[in-house]
Amino acid sequence: MALMTAQEYIDSLRKLNTRVYMFGEKIDNWVDHPMIRPSINCVAMTYALAQDPQYADLMTVKSSLTGHTINRFTHLHQSTEDLMNKVKMQRLLGQKTASCFQRCVGMDAFNSVFSTTYEIDEKYGTHYHENFKKFLTFVQDNDLTVDGAMTDPKGDRSKAPSQQADPDMYVHVVERRPDGIVVCGAKCHQTGSINSHWHIFMPTISMGEADKDWAVSFACPTDAEGMYMIYGRQSCDTRKMEEDASIDVGNAKFGGQEALVVLDHVFIPNEYIFLNGEYEFAGMIVERFAGYHRQSYGGCKVGVGDTLIGAAALAAEYNGVEKASAVKDKLIEMTHLNETLFCCGIACSAQGFKTKAGNYQIDLLLANVCKQNVTRFPYEIVRLAEDIAGGLVVTMPSQTDFNSDTVVGRNGETIGEICNKFFAAREGVKTEDRQRIMRFIENLCLGAAAVGYRTESMHGAGSPQAQRIMIARQGNIQGKKQLAKDIAGIKD
Ligand code: SF4
Ligand code: FE
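Computed from a predicted structure; not experimentally measured.

### Regarding the domain arrangement of the protein chain
Reasoning step 1: What the domain assignment lists for the protein chain is domain 1 (7-282) and domain 2 (287-475).
Reasoning step 2: Look at where the C-alpha atoms of domain 1 and domain 2 centre, and you get two points 25 Å apart.
Reasoning step 3: Each side of the interface is counted separately: domain 1 has 49 residues, and domain 2 has 47 residues.
Reasoning step 4: Contact with domain 2 buries surface across domain 1, with Val87, Arg91 and Ile247 losing the most and accounting together for 19% of the total.
Reasoning step 5: Across the pair arginine 91 and aspartate 306 runs a salt bridge, and its minimum N-O distance is 2.8 Å.
Reasoning step 6: Across the side of domain 1 that touches domain 2, the residue classes tally to 18 nonpolar, 20 polar and 11 charged.

Quick look at the structure:
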C-alpha cells in the first residue's frame, strides 16, 4: 500500500474500536472530540508533509526491509545520515505544529526492539527478530502510527516489579498458552496512544531473574480486546470545548496527547511477542529506546522552540520594542540555547554506530547530554519569552470580551470596543494579532502545549537523574584520570 494521506490517516482511526474515556465517560466519537482532535491533526501532519514534494526527501526513505518508499517515521536507520535526517525531520514537524506530534515514540521503539531482538535470538535461538521484522514490514506497508509504550506506573519505586504489593504496577504475563500470552498492567503518560493504530509494549527498567514475568515486549492493535485508555488532562484544556475561543486556545489546530493505557487480560499471539522472560535483555531495550528518544528531543523541542522565539520576536515588534538592544539580546540568547539543543541532537546522530542487527544506534553519552540540556534550556527560553511578551500573556480578557456588544461606556462603547482600544499597541498592528500571539505564547509556556514543551522537556524520555546515571556510566572518568596522569608524569 502507498503512503497514507493525512485524510486517510484520520479516516483510518474511525475504523478502529479504540476505547477512550474522559471525564468519567466513554467517548464514542473521539476522532472529532474538540479536546482530542488537535492531537490527531498533529500526527496527520507527519502524513501530510510526506506527500509534500518540498519535504519528501526528508520525510520519506527507502525501506531496508522491502525497498519500498516509506514514511521516515517507520524507518530503521541505516546510517548516521539517517539518524541526522531523523532529527531534522523532527525539527521540521515541531516548526509546523508547535506541539508534540507523537509519532516518534513508535519510530524509537522500532529501532530499539529491532536491534535487541536480534541479540536475544543470537543468545537463545528464539524467533523474536523474525516476528519483529514481519510486524514492521506490515507497519511500513500500511504506513501505520505505532505507540512505543514504555513507562509503567512503578508503584513503590524502591521495589523491583516482582516485589510490588500489586503485580500490575508493571506490565506482566499472567498466563502462558501454547498460542500466546495473556498480559495485565498499564502504561502511564502514553504519548499519542489513542491516535496510534498499534502499540509496542516494552519494559521500563532493567530486571532480575525474579522479574521474568515482567520482562515482556510485544505488539498489539490499539483496539485489542481488554485494552482501554483514560485521557490525560492538560492545562487550559477545556478552552478547546468553548465556543468562539479559537484565539484563547492559543493553538487551535494542533496539540499533544497523553493517556493512561490499561491492559486488562489482553491476549497476545506468539507472532507478536518480542521478549518473553529473557530478563537480562529488558535493560538493553530500555537503554536503546531511551537513547533514541533523548536524541529525538534535540529535534522536536528545537522546532517548537523556533516557533516560540518567533512569537516572542513578534510580541516585541507589535509593542514597538524590537529594536531595543535588551530585546535583541534576549532573542539572541533564546536562539543560542535552542541551537545548542540542535547541536546535541545532530552530534549524537553523527557519532552513531551500527548495531549487530544492522541498524544505527545513536551515541549514548551525547544523547544523554542532549536530553539533560533539554531539561533546562526550554525553561530558560520560556522565561525569556514571558519576559519579552509581558504580563498580558496572563491577564488579557477573553476572546468573547473582545467580540462583545454589551454596552459599558458612557458614550455607548461596547466591551469589545473598550478591549480593542486599551489593548491596541503599535499603530498598524491589529489588536487581534497581538491577542493571537499572546495566547500562542501562553499556550506554549503555561497552557496545553506546555505539556509538550515544558514539563515533557523535564520528564519525557526519562527524568534528569536518569540521564545523569547514563552520563556517569558513559563518561569514562577512569580514562580521563589516565590522560591527566600521563601528562602530569604520574606513574602507577
Ligand atoms: Fe516526538 Fe518530541 Fe513528542 Fe517525543 S516529545 S513524541 S520526540 S514530538
Ligand atoms: Fe516525549
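Back to the text.
### Points about the sheet that holds strand β12 (residues 273-276)
Reasoning step 1: In space, the 4 strands of this open sheet follow the order β5-β8-β9-β12, with mixed pairing throughout. Every other strand in the sheet has two partners, leaving β5 (146-149) and β12 as the edge strands with one partner each. Averaged over all neighbouring strand pairs, the angle between strand axes comes to 20°, with direction disregarded.
Reasoning step 2: As paired strands, strand β8 (residues 198-201) and strand β9 (residues 216-221) are joined by 4 bridges and run antiparallel to one another. Its bridge partner being in β9, phenylalanine 201 is matched across the sheet by phenylalanine 218.

### Quick word on helix α4 (residues 80-97)
Reasoning step 1: End to end, α4 covers 26 Å across 18 residues, agreeing with the expected 26 Å (1.5 Å per residue, within 8%).
Reasoning step 2: Among the residues making up α4, those that are buried are Asp82, Leu83, Asn85, Lys86, Val87, Met89, Gln90, Arg91, Leu92, Leu93, Gly94 and Thr97.
Reasoning step 3: At the N-terminal end of α4, a side-chain oxygen is found 3.3 Å from the backbone nitrogen of glutamate 81, two or three residues along, and the residue is serine 79.
Reasoning step 4: Looking one or two places after α4, you find alanine 98, whose phi comes out positive at around 50°.

### Digging into the site of ligand 1
Reasoning step 1: Surrounding ligand 1, one finds Cys100, Phe101, Gln102, Cys104, Thr191, His293, Ser296, Tyr297, Cys300, Lys301 and Glu456.
Reasoning step 2: Here the shell around ligand 1 gets 5 residues from one element, more than from any other, and that element is helix α8 (residues 282-319).
Reasoning step 3: When grouped by side-chain class, the residues that make up the shell around ligand 1 number 5 nonpolar, 4 polar and 2 charged.
Reasoning step 4: Here the shell around ligand 1 spans two domains, since at least three of its residues come from each of domain 1 (7-282) and domain 2 (287-475).

So, how was this worked out
Each chain carries its own residue numbering, running from 1 in the direction its sequence is written. For naming, the first written chain is A and the first written ligand is 1, with later ones following in the order written. Thresholds applied to this predicted model are a pLDDT of at least 70 for local features of residues and 80 or more for the giving and counting of side-chain atom pairs; totals over whole chains, interfaces and linings are not thresholded and use all residues. To get the side-chain values, take all heavy atoms of the structure and skip hydrogens and water. In this document the domain limits rely on a domain assignment from an automatic tool or a database. Contacts between residues were defined by any pair of non-hydrogen atoms, one from each residue, lying within 4.5 Å. Here's the idea: put two parts together, see how much 1.4 Å probe accessible area each one loses, and the total over both is what we call buried area. Counted as salt bridges are all cases of a side-chain nitrogen of Lys or Arg within 4 Å of a carboxyl oxygen of Asp or Glu. Charged residues are taken to be Asp, Glu, Lys and Arg, nonpolar residues to be Ala, Val, Leu, Ile, Met, Phe, Trp, Tyr, Cys and Pro, and polar residues to be all remaining types, Gly included. Only when DSSP finds a minimum of two bridges between them are two strands counted as paired. Working definition: helices are DSSP H or I runs of at least four residues, strands are E runs of at least two. Numbering for both runs from the N terminus. Every axis corresponds to a line fitted to the C-alpha atoms, with the helix fit spanning only the stretch in contact, and the corresponding angles, defined between N-to-C directions, vary from 0 to 180 degrees. To estimate the expected span of a helix, subtract one from its residue number and multiply by 1.5 Å. Any residue under 20% of the maximum accessible area for its type is buried, any over 50% is exposed, and the rest in between are partly exposed; the area is computed with a 1.4 Å probe on protein chains only. Polar contacts, as counted here, are pairs of nitrogen or oxygen atoms within 3.5 Å of one another; within protein the pair requires one atom able to donate a hydrogen and one able to accept it, and residues that are adjacent in sequence qualify only if both atoms are side-chain atoms. For this purpose, a residue is taken to be near a molecule or strand whenever a single non-hydrogen atom of the residue falls within 4 Å of it.

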